[in-house]
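So you can see what is in the structure, the chains are spelled out below.
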Amino acid sequence: MDTVFNERQRQVLRAAFADTATNVPDFTRTAVTGGHRTDEGLDKLLPAELTDYGKRCALKEALVKFLDDGRAPSVEVASGDPAMQLDAATFFHFRVGVEGVPPFVKVFVDEEDREPDVKVISVKRDYRAWSES
């Protein structure tokens, strides 16, 4: 798999993040709630006065701006694991600022369907951004 971010990927990701539908892109439960971690999930990282929809919109807007600015996410290629029944996959890692918080966002794109399916896998606090400030 190609580990270089390309223009087609930029267009697919931008279209998903710019979509005004509430279910595009899909967000995993971990991306929204963070599970047990206090440094993960939109609910825990973004201001409480924002609604769930507002938090998703703020993140989507930041990601569109990131892509429109000509920036590229890093690309992670996972080889898969037949024993664990995991397919090979490509993930995109974004480091952006949203509402004064620097989240690290992991996104998966499934291009097997006619229309690519974009899913935000996780949203975590980006400690690297704090150490670089």
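Quick summary incoming for the structure in this document. (Residues numbered from 1 in each chain as written. Predicted model: local features only at pLDDT ≥ 70, side-chain atom pairs only at ≥ 80, totals over all residues. Heavy atoms only, no water.)

1. What to know about the packing of aromatic side chains
For any pair of aromatic rings, the description rests on two quantities: the centre-to-centre distance and the angle between the ring planes. What counts here: In summary, the pairing rule links any two rings of Phe, Tyr or Trp, Trp by its six-membered ring, whose centres are within 6.5 Å, and it sorts them by plane angle into stacked for under 30 degrees, edge-to-face for over 60 and tilted for everything else. A run of H or I in DSSP counts as a helix once it spans at least four residues, and a run of E counts as a strand once it spans at least two, with each numbered from the N terminus. Only protein chains enter the calculation, and the probe is 1.4 Å; a residue is then buried if its accessible area is under 20% of its type maximum, exposed if over 50%, and partly exposed in between. The rule for a charge over a ring is simple: NZ of Lys or CZ of Arg within 6 Å of the ring centre, and within 35 degrees of the ring normal.
Tallied over the entire structure, the rule returns 4 aromatic pairs. Ring centres of F17 and F94 lie 6.0 Å apart, and the angle between their planes is 85°; this geometry places the pair in the edge-to-face category. One end of the pair, F17, is in helix α1 (residues 7-18); the other, F94, is in strand β3 (residues 89-95), and 77 residues separate them in sequence. We note that F17, like F94, is buried. For F94, a relative accessible area of 0% corresponds to the buried category. In this structure, K106 is placed above the aromatic ring of F91, and the distance from its NZ or CZ to the ring centre is 4.5 Å.

2. Concerning the nonpolar core
Soluble globular proteins tend to bury their nonpolar side chains together. Inclusion rule: Here, nonpolar core means buried Ala, Val, Leu, Ile, Met, Phe, Trp, Tyr and Cys residues that are tied together by side-chain atoms lying within 4.5 Å of each other. The contact criterion used throughout is that any non-hydrogen atoms of two residues lie within 4.5 Å.
Counting 30 residues, the largest nonpolar core has L13, F17, L59, F94 and V107 as its most contacted members. If you list the elements that add at least two residues to this core, you get α1, α2 (29-33), α3 (42-45), α4 (52-68), β3, β4 (103-110) and β5 (117-125). Among the elements that line this core, the one with the most residues is α4, at 7 residues. With residues near it in sequence (within four places) discarded, F17 still touches P25, K60, L63, V64, L67, F94, V107, V118 and V120.

3. Considering unusual backbone geometry
Among all residues save glycine, negative phi is the norm, and among peptide bonds the norm is trans. With an omega dihedral of -10°, the bond running from V24 to P25 counts as a cis peptide bond. By the secondary structure assignment, P25 is in the loop between α1 and β1 (26-27). With phi around 50°, E99 is a residue other than glycine that occupies positive phi space. Structurally, the position occupied by E99 is in the loop between β3 and β4.

4. A short note on a negative patch on the surface
Rule in force here: Patch criteria: residues need more than 30% relative accessible area and no salt bridge. Like-charged residues are merged within 9 Å; nonpolar side chains of Val, Leu, Ile, Met, Phe, Trp and Tyr are merged within 5 Å. Using the Shrake-Rupley algorithm and a 1.4 Å probe, accessible areas are obtained, with residue cover drawn only from the displayed protein chains. Basic side-chain nitrogens of Lys or Arg form a salt bridge, by our definition, when they fall within 4 Å of a carboxyl oxygen of Asp or Glu. Charged residues are defined narrowly, with Lys and Arg counted positive, Asp and Glu counted negative, and His plus the chain ends left uncounted. Working definition for charges: the position is that of NZ of Lys, CZ of Arg, CG of Asp or CD of Glu.
A contiguous patch of negative charge on the surface is contributed by D87, E112, D113 and D117. Inspection of the secondary structure assignment puts D87 in the loop between β2 (74-78) and β3.

5. Quick look at the packing of α1 against α4
The condition is simple: Angles here are taken between N-to-C directions and fall from 0 to 180 degrees, while the axes themselves are lines fitted to C-alpha atoms, restricted in helices to the stretch in contact. Small angles under 35 degrees read as roughly parallel and large ones over 145 as roughly antiparallel, with 65 to 115 read as roughly perpendicular and the rest as oblique. In this scheme the crossing of two helices becomes right-handed for a clockwise turn of the near helix relative to the far one and left-handed for an anticlockwise turn of less than a right angle. Note on residue classes: Ala, Val, Leu, Ile, Met, Phe, Trp, Tyr, Cys and Pro are nonpolar, Asp, Glu, Lys and Arg are charged, and everything else, Gly too, is polar.
Packing of α1 against α4 leaves a shortest axis separation of 8 Å and a crossing angle of 150°. Here α1 is positioned roughly antiparallel relative to α4, judged by the angle of their axes. Of the two elements, α1 crosses α4, and the hand of that crossing is left-handed. The residues of α4 that touch α1, namely those facing R10, L13, R14, A16, F17 and A18, are K60, L63, V64, L67 and D68. In terms of residue class, the contact of α1 with α4 is made up of 7 nonpolar, no polar and 4 charged.

6. Some words on the pairing of β3
Spelled out, the test is: DSSP calls a pair of strands paired once it identifies at least 2 bridges connecting them.
In terms of residue burial, β3 counts as a mostly covered element, since 6 of its 7 residues are buried. Inspection of the sheet shows β2 paired to β3 by 5 bridges, in the antiparallel sense. Paired with V75 across the bridge in β3 is F92. Across 5 bridges, the pairing between β3 and β4 is antiparallel. Paired with H93 across the bridge in β4 is K106.

Remember that the coordinates give geometry; whether it matters functionally is a separate question.
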